[in-house]
Amino acid sequence: MSGWNLSALAVRERGITLFLIIAIIVAGAVAYLKLGRGEDPLFTVKVMTVTAVWPGATAQEMQDLVADPIEKKLQELQYYDRVETLARPGLALLTLNLSDSTPPQVVAGQFYEARKKLELGDLKTRLPQGALGPFVNDEYSDVAFAVYALKGHGLPERQLVRHAETLRQRLLQVPGVKKVDIMGERPERIFVNFSYARLSTLGVSPNDVFGALQRQNAVTPAGSVETSGPEVFVRLDGALDSLDRIRDTPIVANGRTLKLSDIASVERGYEDPPTLLVRNGGEDALLLNVVMKERWNGLDLGKALERAEATLGADLPVGVTISKVSDQAVNIDEAVGEFMLKFYAALAVVMVVCLISLGWRVGVVVAAAVPLTLAIVLVVMMITGRMFDRITLGALILSLGLLVDDAIIAIEIMVVKLEEGLSRVEAATYAWSHTAAPMLAGTVVTVFGFLPVGFAASSAGEYAGNIFWVTGFALLASWVVAVAFTPYLGVKLLPDIKKLPGDAHGQIYSTPMFERFRRLVRWSIRRKFVVAGAVALMFGASVVGMGAVKQQFFPTSDRPEVLLEVQMPEGTGINVTSRTTRRVEDWLLKQPEAKIVTAYVGAGAPRFFFSYNPELPDPSFAKIVVLTGSEEQREALKLKARQEIANGLTPEAQVRVSQLVFGPYSRYPVAFRVMGPDPQVLRGIADTVQAVMTANPNTRTVNQDWGERAPTARFVLDQDRLQAIGSPLRTSPTSSRSCFAA
């Protein structure tokens, strides 16, 4: 580069240069302490769930009359990709997937548009009468930083829930906590149990009971009275606020007035059947899922939670215990600690090699470029909102060997020019005018090698994109250090190098090493076709060798959890699923590798790992998360579990054993989507695909998400007889539902 000389400016204004070096080191140290720590990089989860309920509807009616209008509304989104719908009798679960190329900054806006279309538009007028929802969950990506299990050991669940609410309020006061969710709570219900035989004897119909309860518990405005002072609101007493009030509800039938307690028993209980059951260590439990604020330091939150745990359960009654099920701070500490250890080891190797190969004082000048460059990178990372995680630390380790290249070139040229007789200042500024541009070009070319990862418009690119950005920051910063600070340090730290007598340039490049290298170059030029053929042969061999290398963009996680999925036949009740899952839990609790066993019956586990998507509610499904002590124990438990399942641990269920995987979530390594208008044709094609995949020796578990067809009892009503006895058609479903619930 000609004209303005940055190296000359840095050497001439030495006070300013020294100040900048000190400021950069201090700023880098502050950035190192302030940067967030995370196990994995953050990426945008482009998934939203929608739920709709229509009691009494069949699965086909839910699909045609409820889910279909919702799907059509969601198709209007700009970045719409697909909607996966699961329709069950009375329930529709929809998962909206935005296109993988959706820019992360517009995902929240797309979710807002979806909420407006579903909740504020005219959609509800198109849904059938009695349909509830749609209910939108756009916080599906919240990660449970820490999970606590609260167990009552026989304490009534409603009292345990009150203790959980108290603990929730305390955890919300911990710095860095965004919210705390309680999982596993069974809603309380009031059950009115009556005998149809007794009702018939007294001439009371079930509809008389239902109508009386609805009228008694109705909330109606009673107006207000204006006085000379405050306005007095009139309240009507009689709401059903206790069991005794419900028992005393008057039932009028056939000219007689009876109390509800005369014809039925009224009891307090819980939702039956439950929608979700949670067990920890084989005991029923409530879970408190702690969600961390965005871009908070995970290690700081982990320490804050540890301090809070000291008093968290101090006033719990005897028999109520709280324990930690999952702690992301431990995984962050291990992941970041492991990468930091590798980083420091690589840094030490680079600096020691520089000192040994270049000499003490020259090596110090070159090695000093490394901490200076890293300090600049840490400051840039803090300014741009990045943090320490697997990707950024991996990029720093990858860059370490390249950080000293430009500094070595700059200081080597300076030493050569000193031997040729130039002054320190002239030798220090020579690199800028002759090698700064080639060094910059080489740096940019190296950075561009990672360009596809940095600008990939996908979730995978968002996850791994910091490989490009952090490597780019590091290499460009190393160039700045090499042309600005290395010349200054060379002027200050290099020893006195005397001019070589005679032809200095010739003496420098006439050493035995240079002579051997010169002969090798001449030999290669004379036999250029042989050399080119050898290069082509090695390139071909490398291409062939790539085929033998295991190809996996995202590796399996090194976390110690083992995941087990228990899938019963479609339509299985949650209590049956719970009993089957209990057998798997009992076996796991006997294994020495299993430290913590937590089962979720009726739905998936909370998102305790960013690259994991919780499964949607399903009474025939259960998820078991087992925490082991190490990777070795995890692998041993996986093999033992698969063997035990193959030996018939739960023959009525399909049980899959797996582990966590880095990168965007994919439930199965290989998945096929079969689409079409005819369900029967789809099932036939899916069966064919399943048979082909099952025959493949590289597959272990092959299944379909539709599963088996669930049985349904159908009642054919005699319309003429219903009219003859005066039973209106709209009461028949209520009567049948009451009959089967009694």
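Rules and cut-offs
- Residues numbered from 1 in each chain as written.
- Predicted model: local features only at pLDDT ≥ 70, side-chain atom pairs only at ≥ 80, totals over all residues.
- Heavy atoms only, no water.
- Helix = DSSP H or I, 4+ residues; strand = E, 2+ residues; numbered from the N terminus.
- Buried < 20%, exposed > 50% of the residue type's maximum accessible area, 1.4 Å probe, protein only.
- Pairing = 2+ DSSP bridges.
- Axes fitted to C-alpha atoms, helices over the stretch in contact; angles between N-to-C directions.
- Contact = heavy atoms within 4.5 Å.
- Phe/Tyr/Trp six-rings, centres within 6.5 Å; stacked < 30°, edge-to-face > 60°.
- Lys NZ or Arg CZ within 6 Å of the ring centre and 35° of its normal.

Novice: Before we go on, may I ask you to explain the environment of serine 666 in this structure?
Specialist: Tracing the backbone through its elements, the reader meets serine 666 in the loop between β20 (654-658) and α26 (679-695). Separated by 432 residues in sequence, serine 666 and valine 234 place their C-alpha atoms 58 Å apart.

Novice: Whenever I open this one, the environment of threonine 712 confuses me. Can you help?
Specialist: Tracing the chain through its elements places threonine 712 in the loop between α26 and α27 (719-724). Among the residues examined, threonine 712 registers a relative accessible area of 59% and is labelled exposed. The spatial distance from the C-alpha of threonine 712 to the C-alpha of phenylalanine 135 is 27 Å, given a sequence separation of 577 residues.

Novice: Whenever I open this one, the sheet that holds strand β16 (residues 321-327) confuses me. Can you help?
Specialist: Hydrogen bonds along the backbone pair up the strands of a sheet, which may run parallel or antiparallel. Spatially, the four strands line up as an open sheet ordered β6-β15-β5-β16, and their pairing is antiparallel. This sheet does not close on itself; its edge strands, each paired only once, are β6 (177-183) and β16. The average undirected angle you get between the axes of adjacent strands in this sheet is 20°. In this structure, strand β5 (residues 144-151) lies alongside β16, joined through six bridges in antiparallel fashion. The residue of β16 that forms the bridge with alanine 149 is serine 323. Helix-sheet contacts for helix α11 (residues 298-312) involve β5, β6, β15 (286-292) and β16, and the interaxial angle to β5 is about 15°.

Novice: Hey, could you run me through the packing of aromatic side chains in this one?
Specialist: Centre-to-centre distance and the angle between the planes together describe a pair of aromatic rings. Following the criterion strictly, the structure yields eight aromatic pairs and no others. Considering the side-chain rings of tryptophan 432 and tryptophan 479, the 6.1 Å spacing of their centres and the 45° angle between planes classify their relative orientation as tilted. Here tryptophan 432, found in helix α17 (residues 424-448), pairs with tryptophan 479, found in helix α20 (residues 466-493); they are 47 residues apart in sequence, far enough to count as distant. When sorted by exposure, tryptophan 432 lands in the same class as tryptophan 479, which is buried. Members of the aromatic cluster, joined through ring pairs, are Phe455, Phe468, Trp469 and Phe473. Over the ring of tyrosine 32 we find arginine 37; its NZ or CZ atom is 5.0 Å from the centre of that ring. Positioned over the ring face of tyrosine 430 is lysine 417, at 4.2 Å from the centre of the ring.

Novice: Mind showing me how you'd approach helix α8 (residues 206-216) here?
Specialist: Side chains three or four residues apart in an α-helix point the same way, a direct result of the helix having 3.6 residues per turn. All of the buried residues along α8 are Pro206, Val209, Gly211, Ala212 and Leu213. Where the residues of α8 are buried, they touch β7 (188-194), α7 (196-202), α9 (243-247), β10 (250-253) and α10 (260-263).

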